[in-house]
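# Remarks on the overall topology
Read off the chains here:
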Amino acid sequence: MVMASGSPGHAAKKQKRVINDPTSDSIALLPGEAYAVSGIGTLMIDSGEVNLNGAHLMTGARVQICAESGPRGALHLQATQQGASIQVPYSGEACALVELQPFSPPVQEAGSDRPAQALTAVPCTDAGWPTEWQTALSQLAMSAASNTLPSPFSACICGTRGVGKSSFARLLVNHLLSHAPEVAFLDLDCGQPELTVPGLISLHTLTQPLFGRPHTHQRPPDKAVFIGDITPAADPPAFVSAAAQLYTAYLAGSTAQASRVPSLVINTPGWVKGMGLDVLSAVLRQIAPSHVVVLASGNPSKDPPGGSFWQLPQASHQSSPASMVVTLPAAASGVGEHRPSAPDSRAQAWLAFARACVSPDASATSILEGTSASFAAAAADLAAHAPYVISLDSVTCKVLHDSSLPKDQLPSILNAAVVGLVVNPGSKSSSAGSEAGDPEQPSAAQEQGNCVGIGIVRAVDAKQRMLYLLTDIRLERLQQVREVRVGRLELPHSLLHGGAVRSPYLSPWCITSSGTGAGPLHSRSIQCAQADHQSAAVQFRCSVDWFGMGLTPYPAVDLDQQV
Amino acid sequence: MPEGRQVPWRSWEEWTLVKTALWSATAVDQRKGIEQVRLWRARGKLPLSVDVTAMLLDLRGRHTSGPSQSDPLLRLQYSMALILLVNGITDAEQKGKQARSVAGIAETAGLPRVLVDVRHEATHRGLPSLALLQLAAESALQWLRTAYWDRQHQHLLNMQAKVITLLQEFMKLQADALSRPQQAASDTDDDASVDPSPPGSSPGVSKAQELRKRRRQLAADLKDVVHPCMPGLIAQALLQPGILESHADDSQSNRTGVWKAALHSLCRTWPGLLPLLLRESISLLSRQGQAKPPNQRHAQAQHLHFVATLVWDIATGPRNQSLDLSISTDQTAVLLACCLRALVLLPADAAPPADSGDILPAAQPASIHREVLQHLAERLTQNMSQTAAASDSGQQPLRKKARMAEAAVKLQAMSAPLPADNSNLSHQGMEAAADGEVQKAEVLLEQLQDKVRRKAQAEVRERWSVAKDWKPCAIGHLPGPLEHNGILPDLPLVCGLESLEQQQVPEYQQDSAACLMLDAAAVLLNGQKAPSRK
């Protein structure tokens, strides 16, 4: 997208100002004219109909917006062609009249004295995404609306990191919502989820369009499984079965309630090489979506292979109908554009979570990008907020990666841990494979409890046998929680100290880790995943079936013979 | 590094316990250390060196205890632990674009060459022999001990020493500043507000500026070493003999001035320092150094008395507008409880025998401590009875200590309200004790304790609820009575790990009402036996 440069764009905007109100800004949209909307505030449709990032908005609609500027952040606003002609002072005829309003009272970034960036609209010449996307989005939406598919419409969006999976998923949701009252969303990216904090995969029913970065629209899931990590790498079979479980829940839930199954959008992790591709393939085999959208960066060493890459060669043309593969170019990244790193976006997600813990009713829309001051303020608020409390004897605790720890030691592990809150804990450990049965069908024994949310165990009082918890879910919902699960999730460093407090687990007086091993082992797995072991991985991949892996242990070999 | 690093242990004390256990000579103690590291592993952020140390010690222990495992399995485990160590150390140093050789990095880090070779063989060729692996494991353990454990331990000692040195210098500068009359007025003001002196000022002024500059620098250095959330460390350091004794020869008024100025200045960076300083003094008074000669002990007690009185004077003195130095009623109650408890904890032989009130030895070991504590408790009680508006009890001919204890109980009841009949019960108990009816008092106190216990049991929460009376504290901490940052919850360590610690430090944490009652009663009973020394 090319921004209308400097003064002409500004002048054009000034001309369109029709209401002489300093707190609001109105724009008359002409046919074919487009605007890039960014900042924080409310967008109101006074008359006509518009399209905002794929979402069809009617007269009278009000949308809360929190969007960054720049090609990927700004929202694309356009009048829909069929809008009736409206008489507007100074501008003559227009298709639609849109009003931009700041929040009242004005939002102020915590810990900073400057008000949040106001909502602005700048004329632009094209959308922030490739033209191929627009065609594909329309076709996908048509296909979903036509109801001619043998199975419910489900689109799985894959691709390596940074190709715009998240943006595409939001656009697709918005397009689908223009034709249907609700859309199901299966969020399988436990590292940078779209709708929750990291560490879980979740199923949602969306009725409102999605705008802006993920941390601006966190919401409680319909159903979720706690993964306890930011990657599926620790326990791939458990991840695949959890994904299958959520898909089953989607099918069951939708048939029970609505006559027509809502369309499903699936967001996937950006780990599409090596073991990541195996996991993705196993998930795709489980779900068999009607459409697979592959966003290709153009670099074959980074992209998933073409075609129906997930099908096992020996098991081709099975009962499930073939999925339609749509390959699209990656979203263009603007020059000098600020793209947050994965840890940074996770930190933003945790910041939004921390704020929701402290004030569950406040809208997450008010955060554009947390600064270090807002982290410190949130940390101080977390420290001061009265937590929920329960007797340690009334909840069970499970440590996902070491289930054999002595029970009396669990308080030490729970203290200051980030935990998954589970309502109906399953009977079997997640990593154990079923002994018999169809490997492609998850058995009931593998059912993993429904995770209703995430909590921070802010303290454990082992003497009084009390567990103190901070969470964003409400007390009524919390009453059902009977198990807390500990994975490897960590709050960002910046939320552990702030104001007059500092967590005891942030230790001063540590010696340097260089050459002493005083620091934790750096996870090189991420770097390994990025490294290009392309050809070998592709050749080897098809023979690995992650889901069946747990069922076929290697034959026992006496090691002495090998020596 | 003011923010610190995320670690699995809650305090350096815990780390030191594990260090002692891991490197102890007995297999049983080593086992405890290994088990605790396993817990740390589950918490995450475990340093590589700790991880590998525990793995190797575990393997060594299992290997020497008997042939429980097959040879190849043991070799696999040894190999994996050593590969983790070498890769972990060298990977962290691969910072350039060009990968450096493992051997080169290992040499810089001082890793024994045998480890590099074993890693190479195990990764690229096959499992090395058990004999070689054991040799490598021994050298790895030796390296881990020097490169990590001893180094970290030494660093902790250095930092502790640094805090004391910096504080000593800080006090010295305060004294220097005080000795200059033109400087004295601005001493209690904020150090940051330096009025720019006109150019060409007199050498005396520039010298004063120089002093102020150095003091600011010192305060900044101190802040780098001790985070503002940890005033407890400053409190402990301030009461170290080195700092106390450095001003022993000064005149009383001079000493008061120096300390007053220093405490004001320190409280700006470490809010909440004063109550902690009081508690630390009380705790030191109750733990009288047995090893010291009696005359030194006497001097120490007097120093502590001086600091505690000064702190109390500052806290109850006129309010400073820019800085709140007052101690709340809740905090006073807790401090009083500490004080009473300390009085109870003082060894019985230290108290002068009841029937021989004639000749007392010149330096009765604990008597000075007892006296100081009693004086402190009295002052605290005075303040309490003023604020609690319990004026009627003053008319009763109750003994001083009985009033003290009563006020403490009342305040404890205020912070954790007991039903009316309970306070009545405690009152009866007090009176019975005061009248010398020991048995009756004990029965009554028993009843009270029982009630408190039952109340606590009734509060067991089977369903989630919102915690009441929450006070801000760090994540991982529980609200504490004196600390802004909260206190560490009492979390279980691996069984028996604590016993490795040489000396158990008595705890001065939140007392339950029942516990306090017992303490108060003990004071009362004790007080009847011991004649008043005034």
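Parameters and conventions
Going along each chain's sequence as written, the residues are numbered from 1 onward. Working convention: letters from A go to chains and numbers from 1 go to ligands, in the order in which they are written. This being a predicted model, a pLDDT of at least 70 is required before a residue's local features are given, and a value of 80 or more before pairs of side-chain atoms are given or counted; all residues contribute to the totals for chains, interfaces and linings. Excluded from the side-chain calculations are hydrogens and water; all other atoms, namely the structure's heavy atoms, are used. UniProt positions are given in the numbering used here, feature names are shortened, and annotations may be inferred rather than shown by experiment. By definition, any uninterrupted DSSP run of H or I lasting at least four residues is a helix, any uninterrupted run of E lasting at least two residues is a strand, and each is numbered from the N terminus. Note on classification: 1.4 Å probe, protein chains only; a residue is buried when its accessible area is under 20% of the maximum for its type, exposed when over 50%, partly exposed between these limits. Should any heavy atoms of two residues lie within 4.5 Å, those residues are considered in contact. A pair of strands is treated as paired once DSSP finds two or more bridges between them. To obtain an axis, a line is fitted to C-alpha atoms, over the contacting stretch when the element is a helix, and the angle between two such axes runs from 0 to 180 degrees between their N-to-C directions. Every angle not falling under 35 degrees, over 145, or within 65 to 115 is termed oblique; those three ranges are roughly parallel, roughly antiparallel and roughly perpendicular. Two helices cross in a left-handed way if the nearer one is turned anticlockwise from the farther one by less than a right angle. They cross in a right-handed way if the turn is clockwise. Residues were grouped as follows: Ala, Val, Leu, Ile, Met, Phe, Trp, Tyr, Cys and Pro as nonpolar; Asp, Glu, Lys and Arg as charged; and all remaining residues, including Gly, as polar. As used in this record, nonpolar core signifies buried Ala, Val, Leu, Ile, Met, Phe, Trp, Tyr and Cys residues forming a set joined through side-chain atoms within 4.5 Å. Buried area is a sum: the accessible area each of two parts loses on coming together, probed at 1.4 Å, counted once for each and added. By convention in these notes, a salt bridge is any Lys or Arg side-chain nitrogen within 4 Å of a carboxyl oxygen on Asp or Glu. Whenever two N or O atoms come within 3.5 Å, that pair is a polar contact, provided that in protein one can donate a hydrogen and the other can accept it, and provided that, for residues adjacent in sequence, both atoms are side-chain atoms. By definition here, a helix of n residues has an expected span of 1.5 Å times n minus one. As annotated, the domain borders come from an automatic or database domain assignment. Stacked, tilted and edge-to-face are the three classes assigned to paired rings of Phe, Tyr and Trp, where Trp is represented by its six-membered ring and a pair needs centres within 6.5 Å; plane angles under 30 degrees give stacked, over 60 edge-to-face, the rest tilted. Ring-over charges, as used throughout, are those where CZ of Arg or NZ of Lys falls within 6 Å of the ring centre and within 35 degrees of the ring normal.

Of chain A, the UniProt comment under Sequence similarities (unreviewed entry) reads exactly: "Belongs to the Clp1 family. NOL9/GRC3 subfamily."

### Considerations on the overall build of chain A
Secondary structure assignment for chain A yields 13 helices and 26 strands. Residues counted as buried form 55% of the 563 residues belonging to chain A. Summarising the internal contacts of chain A: among those between residues at least 6 apart in sequence, 76% fall at separations of at least 24.

### Focus: the sheet that holds strand β15 (residues 263-267) of chain A
Either a parallel or an antiparallel arrangement is found when strands of a sheet pair, and the pairing is made through backbone hydrogen bonds. All names here are of chain A. Reading across the sheet, the seven strands line up as β14-β13-β12-β15-β11-β16-β17 and stay open at both edges, with mixed pairing between neighbours. Looking at which strands have only one partner, the edges of the open sheet turn out to be β14 (223-226) and β17 (324-329). Direction aside, neighbouring strands of the sheet carry axes that sit 15° apart on average. Sheet topology places strand β11 (residues 154-159) next to strand β16 (residues 291-296); five bridges connect them, and they run parallel. Its bridge partner lying in β16, Cys156 is registered against Val292. Helix α2 (residues 131-146) rests against β15, β16 and β17 of the sheet, and its axis sits at about 155° to β17. Helix α3 (residues 165-177) contacts β11, β12 (183-187), β13 (200-206), β15, β16 and β17 of the sheet and is inclined by roughly 165° relative to β11.

### Looking at the sheet that holds strand β23 (residues 483-486) of chain A
Taken in spatial order, the seven strands make up an open sheet running β19(A)-β23(A)-β20(A)-β21(A)-β22(A)-β18(A)-β2(B), and their pairing is mixed. Across the chains shown, the open sheet's two edge strands, defined by having one partner strand only, are β19 (396-399) of chain A together with β2 (465-466) of chain B. Where strand β20 (residues 418-422) of chain A and strand β21 (residues 451-461) of chain A come together, five bridges link them in antiparallel fashion. Opposite Val418 of chain A, over in β21 of chain A, you have Ile456 of chain A as the bridge partner. Across the sheet, helix α6 (residues 342-358) of chain A is in contact with β20, β21 and β22 (466-471) of chain A; its angle to β21 of chain A comes to roughly 75°.

### Remarks on the packing of helix α7 (residues 130-179) of chain B against helix α12 (residues 252-269) of chain B
All names here are of chain B. Across the interface, α7 lies against α12 with an axial gap of 9 Å and an inter-helix angle of 120°. The angle between α7 and α12 falls in the class oblique. Classified by chirality, the crossing of α12 by α7 is right-handed. Judged by residue contacts, Leu167, Phe170, Met171, Gln174, Ala175 and Leu178 of α7 engage Asn254, Gly257, Val258, Trp259, Ala261, Ala262, Ser265 and Leu266 from α12. Residue composition of the contact of α7 with α12, grouped by class: ten nonpolar, four polar and no charged.

### Things to note about the nonpolar core
Burial of nonpolar side chains together is a common tendency in soluble globular proteins. One finds Leu56, Leu85, Leu238, Trp259, Leu263 and Leu266 of chain B to be the most contacted residues of the largest nonpolar core, which totals 112 residues. The element contributing the most residues to this core is α7 of chain B, with 19 residues. Core analysis: the second largest hydrophobic core is formed by 54 residues, Ala417, Leu421 and Val460 of chain A together with Trp464 of chain B among them.

### Remarks on unusual backbone geometry
All names here are of chain A. With a phi angle near 45°, Asn53 is a residue other than glycine that sits in the positive phi range. As for its placement among the helices and strands, Asn53 is situated in the loop between β3 (50-52) and β4 (55-57). Within the chain, Ala416 stands out as a residue other than glycine whose phi angle is a positive 65°. Its location among the elements puts Ala416 in the loop between α8 (410-414) and β20. Accessibility expressed as a relative area gives 18% for Ala416, which makes it buried.

### Digging into the interface of chain B and chain A
Each partner contributes residues to the interface: chain B has 74 residues there, and chain A has 71 residues. Carbon and sulfur atoms make up 60% of the area that chain B and chain A hide from each other, which totals about 6800 Å². Scanning the region where chain B abuts chain A turns up three salt bridges. Here Lys45 of chain B and Glu490 of chain A are joined by a salt bridge, their closest N and O atoms 3.6 Å apart. Across the contact surface, chain B and chain A share 35 residue pairs in polar contact (both at pLDDT 80 or more). Those elements that place two or more of their residues in the side of chain B that touches chain A are β1 (5-6), α2 (27-43), α3 (48-65), α4 (71-91), α7 and β2 of chain B. At ten residues, α7 of chain B tops the list of elements feeding residues into the side of chain B that touches chain A. Among the residues forming the side of chain B that touches chain A, the class breakdown is 44 nonpolar, 13 polar and 17 charged. Two strands pair when backbone bridges link them, and strand β26 (residues 506-507) of chain A and β1 of chain B are joined in this way by two bridges, in the antiparallel orientation. Each residue of the ladder has a partner; that of Leu506 of chain A, found in β1 of chain B, is Gln6 of chain B.

### Some remarks on α6 of chain A
Residue and element names in this part refer to chain A. When the terminal C-alpha atoms of α6 are compared, their 25 Å separation across 17 residues agrees well with the 24 Å that a helix rising 1.5 Å per residue should span. With twelve of 17 residues buried, α6 is to be regarded as a mostly interior element. Of the surrounding elements, those touching the buried residues of α6 are α7 (372-384), β20, β21 and β22.

### Examining the side chain of Ser154 of chain A
Residues and elements named next belong to chain A. Inspection of the secondary structure assignment puts Ser154 in strand β11. Owing to a relative accessible area of 1%, Ser154 belongs among the buried residues under this scheme. Discounting chain neighbours no more than four positions away, the residues touching Ser154 are Leu264, Pro289, Ser290 and His291.

### Description of the packing of α4 of chain B against helix α5 (residues 102-109) of chain B
Residue and element names in this part refer to chain B. Contact geometry for α4 and α5: axes closest at 9 Å, N-to-C directions at 85°. The orientation of α4 relative to α5 falls into the category roughly perpendicular. Of the residues in α5, those in contact with Val86, Ile89 and Thr90 of α4 are Val102, Ile105, Ala106 and Ala109. Across the contact of α4 with α5, the residue classes break down as six nonpolar, one polar and no charged.

### A few points about the domain arrangement of chain A
Residue and element names in this part refer to chain A. Assigned domains of chain A: these are domain 1 (8-124), domain 2 (131-312 + 321-329) and domain 3 (342-557). Listed as interface residues are ten residues of domain 1 and, on the opposing side, twelve residues of domain 2. Counting the surface lost from both domain 1 and domain 2, the interface buries some 940 Å², and carbon and sulfur atoms represent 59% of this. Taken together, the links from domain 1 to domain 2 amount to one salt bridge. In this structure, Glu68 and Arg213 form a salt bridge, with 2.7 Å as the shortest nitrogen-oxygen distance. Between domain 1 and domain 2 we count four residue pairs in polar contact (both at pLDDT 80 or more) in total.

### Section: the environment of Glu194 of chain A
Residues and elements named next belong to chain A. Note on placement: Glu194 falls in the loop between β12 and β13. Distance from Glu194 to Val481, taken between C-alpha atoms, is 24 Å for residues 287 residues apart in sequence. If near-sequence neighbours (up to four positions away) are discounted, Glu194 is found in contact with Ser166, Arg170, Phe185, Asp187, Leu210, Gly212, Pro214, His217 and Asn267. Within the structure, Glu194 has its side chain in polar contact with the side chain of Ser166 (distance 2.2 Å). In this structure the side chain of Glu194 is engaged in a polar contact, spanning 2.9 Å, whose partner is the side chain of Arg170.

### A few points about the side chain of His291 of chain A
All names here are of chain A. Within the element layout of this structure, His291 appears in strand β16. On the accessibility criterion, His291 (4% relative accessible area) is buried. Other than its neighbours up to four places away in sequence, His291 contacts Leu140, Ser143, Leu149, Phe153, Ser154, Ala155, Cys156 and Met324.

### With respect to the packing of aromatic side chains
Following the criterion strictly, the structure yields twelve aromatic pairs over all chains and no others. Note on Trp133 of chain A and Phe168 of chain A: the rings are 5.1 Å apart at their centroids and 90° apart in plane angle, and the pair reads as edge-to-face. Of this pair, Trp133 of chain A sits in helix α2 while Phe168 of chain A sits in helix α3; the two residues are 35 residues apart in sequence, bridging distant segments of the chain. Considering the side-chain rings of Tyr468 of chain A and Trp470 of chain B, the 5.0 Å spacing of their centres and the 45° angle between planes classify their relative orientation as tilted. With Tyr468 of chain A in strand β22 and Trp470 of chain B in the loop between β2 and α20 (513-529), this pair bridges two chains. Assessed through its relative accessible area of 14%, Trp470 of chain B is described here as buried. Through a chain of ring-to-ring contacts, the aromatic side chains of Trp9, Trp12, Trp15, Trp40, Tyr148 and Trp149 of chain B assemble into a single cluster. The side chain of Arg43 of chain B reaches across the aromatic face of Tyr505 of chain A, ending 3.9 Å from its centre. Geometry around Phe306 of chain B places Arg255 of chain B over its ring, the cationic atom sitting 4.0 Å from the centre.

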